[in-house]
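Residue-level structural notes
Below, each chain spelled out in residue letters.
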Amino acid sequence: GHTVLLSRAVVGPRSWRTPLVASTVYEVETNPYWNVPSRIARLELLPQIRKDPGYLAQHDMRVLTAEGKEVAASAVDWSQFFALGYRLRQDPGPDNPMGTPKFSFDNPYAVYIHDTPGKASFTKSTRALSHGCVRIEQPRALATQLLAANSTAVADSLDAAIASGETRHIKLD
């Protein structure tokens, strides 16, 4: 019945609206991969990759088949990228737009609440800057609040999980 955390957020503009969702967070994920949505890949990343063959390596990104197997970027016919079922995934790290941690909840839109390396966006008066997900200014504080109320995970382990660099899925009650 009282506020336990107040945090600024970044949401999507009209062209990438953040959907209204009623759901329950079921997991805190540390050091998440970013599975690039096809719309972002098509409109923003594929043009960059076509211009600069080193783009993927510079951004710790990989090409995966529909089955999740990695394919060498040099072997990809970029004109058939989507027809062949390829997708892009960025490894965890300081440039990953998901930051750490990420909060998963059931929704049909593939949106999340997550951290961001773009901390400067929280100082802007207009924060409609995302691709539909909700980026929050204090993700560790939110994770600590969720984990403190969780009997299966210990909030003290959050910093250790993040520092490990490994992707970890902490299920919530």
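For the structure, see preceding data.
Parameters and conventions
- Residues numbered from 1 in each chain as written.
- Predicted model: local features only at pLDDT ≥ 70, side-chain atom pairs only at ≥ 80, totals over all residues.
- Heavy atoms only, no water.
- Pairing = 2+ DSSP bridges.
- Helix = DSSP H or I, 4+ residues; strand = E, 2+ residues; numbered from the N terminus.
- Contact = heavy atoms within 4.5 Å.
- Axes fitted to C-alpha atoms, helices over the stretch in contact; angles between N-to-C directions.
- Parallel < 35°, antiparallel > 145°, perpendicular 65-115°, else oblique.

Think of a sheet as strands paired side by side through backbone hydrogen bonds, with each pair either parallel or antiparallel. Read across the sheet, six strands follow the order 1-9-8-7-2-10 without closing on themselves; strand pairing throughout is mixed. Edge positions in the sheet fall to strand 1 (9-10) and strand 10 (168-171), since each has one partner strand and no second. As defined by bridge partners, strand 2 (residues 25-30) adjoins strand 7 (residues 102-105) across four bridges and the pair is classed as antiparallel. Residue pairing for strand 7: Glu29 is matched across the bridge by Lys102. Along the sheet, helix 3 (residues 139-148) contacts strand 2, strand 7, strand 8 (113-114), strand 9 (134-136) and strand 10; its crossing angle with strand 7, the most-contacted strand, is approximately 50°.

On to the packing of helix 3 against helix 4 (residues 157-164), then. Following both chains from N to C, one finds helix 3 and helix 4 inclined at 130°, their axes separated by 10 Å at the closest point. When the axes of helix 3 and helix 4 are compared, the pair comes out oblique. Contact residues: helix 3 offers Arg140, Ala143, Thr144 and Leu147, while helix 4 offers Leu158, Asp159 and Ile162.

With respect to topology, four strands assemble into an open sheet ordered 3-6-4-5, the strand pairing being antiparallel. Every other strand in the sheet has two partners, leaving strand 3 (34-35) and strand 5 (70-71) as the edge strands with one partner each. By the bridge criterion, two bridges tie strand 3 to strand 6 (residues 87-90) in an arrangement that is antiparallel. When the sheet's bridge partners are listed, Trp34 is paired in strand 6 with Gln90. Docked against the sheet, helix 1 (residues 38-51) engages strand 3, strand 4 (61-64) and strand 6, running at close to 80° with respect to strand 6.

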